[in-house]
Amino acid sequence: MTRLKLATVWLGGCSGCHMSFLDLDEWLFDLAAQVDLVYSPFMDTKEYPEGVDVVLIEGAIANEEHLHMIKTVRERSQILISFGDCAVTGNVTALRNPLGSAEPVLQRCYIEAADIHPQIPQEPGIVPQLLDRVTPVHAVVPVDIYLPGCPPSATRIKAALEPILHGETPQLAGREFIKFG
Ligand code: SF4
């Protein structure tokens, strides 16, 4: 049997969704027996590979690097899952949107709140430029499955992944599986 290529990607989120993934506990052994994890913050791979079967995307699109990454991920992945409320709606990451641009946040954090050496970090190629507006993943690329929750529970994550392992489409329905927060 062909093993699925699974990836997980961490964009503009707090990593709580990935922590919840680790809460799958012993089911991770079942999962590991059926998939090859080919890209993830859990491993040291620099380049997002071609031919990914399933990818979980944590976080919203908040900077130029996220924007580039999500387009690459979409091109190279068959099933893209918006993983958690930040990916699905923008959630916490998008709280700065009413300020109108990234500038007020940068001023507050790095200038007004600085104890020493107030300066906005700028290093092209190293520090990615913040986008003026944070967007959910589906605003940039097509999403195949939405997995809400802040974070989604391990039960919910399993309910999304297990059918895919059997070549089926997950049917997430009911409060337990689709409510936000
Ligand atoms: S959805 Fe919640 S847990 Fe997941 S990255 Fe966003 S804030 Fe963190």
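Residues numbered from 1 in each chain as written. Predicted model: local features only at pLDDT ≥ 70, side-chain atom pairs only at ≥ 80, totals over all residues. Heavy atoms only, no water.

### Describing the sheet that holds strand S2 (residues 35-39)
The strands making up a sheet are joined through hydrogen bonds of the backbone, oriented either antiparallel or parallel. Rule in force here: The pairing criterion for strands is at least two bridges between them, as found by DSSP. Labels follow the DSSP assignment, with helices taken as runs of H or I lasting at least four residues and strands as runs of E lasting at least two, numbered in each case from the N terminus. Helix axes are fitted to C-alpha atoms over the stretch in contact, other axes to C-alpha atoms as well, and angles between N-to-C directions run from 0 to 180 degrees.
With parallel pairing, the 5 strands of this open sheet are ordered in space as S2-S1-S3-S5-S7. For this open sheet the edge positions go to S2 and strand S7 (145-147), each flanked by a neighbour on one side alone. Averaged over all adjacent pairs, the angle separating strand axes in this sheet is 25°, with direction ignored. The sheet contact formed by strand S1 (residues 4-10) and strand S3 (residues 52-58) spans 5 bridges and is parallel. Bridge pairing links Ala 7 to Val 55 in S3.

### Regarding helix H3 (residues 64-76)
The line we're drawing: Take the number of residues in a helix, subtract one, and multiply by 1.5 Å to get its expected span. Any two residues whose heavy atoms approach within 4.5 Å are treated as being in contact. Pairing of N or O atoms within 3.5 Å defines a polar contact, subject to two protein rules: one partner must be a possible hydrogen donor and the other a possible acceptor, and residues neighboring in sequence count only if both atoms are side-chain atoms.
A rise of 1.5 Å per residue sets the reference length of H3, with its 13 residues, at 18 Å; its end C-alpha atoms lie 19 Å apart and thus fit the reference within 8%. As for H3, its buried residues are in contact with S1, S2, S3, strand S4 (61-63) and strand S5 (77-83). Capping of H3 at its N-terminal end is provided by Asn 63; its side-chain oxygen lies 2.9 Å from the backbone amide nitrogen of Glu 65.

### Remarks on the site of the ligand
The following threshold applies: Think of it this way: one heavy atom of a residue within 4 Å of a molecule or strand is enough to make that residue near it. Note that Gly is not counted as nonpolar here; it falls among the polar residues with everything else outside the nonpolar set of Ala, Val, Leu, Ile, Met, Phe, Trp, Tyr, Cys and Pro and the charged set of Asp, Glu, Lys and Arg.
Neighbouring the ligand are Gly 13, Cys 14, Gly 16, Cys 17, Glu 58, Asp 85, Cys 86, Asn 91, Val 92, Gly 149, Cys 150 and Pro 151. Broken down by secondary-structure element, the contributors of at least two residues to the shell around the ligand are helix H1 (16-22) and helix H4 (85-89). Residue composition of the shell around the ligand, by class: 6 nonpolar, 4 polar and 2 charged.

### Considering the environment of Ser 153
Looking at the element boundaries, Ser 153 is found in the loop between S7 and helix H6 (154-165). Here the alpha-carbon distance between Ser 153 and Gln 122, two residues 31 residues apart in the chain, equals 37 Å.

### Side note on the environment of Gly 84
Here Gly 84 shows up in the loop between S5 and H4. Once residues within four sequence positions are removed from consideration, Gly 84 is found in contact with Cys 17, Leu 147, Pro 148, Gly 149 and Pro 152.

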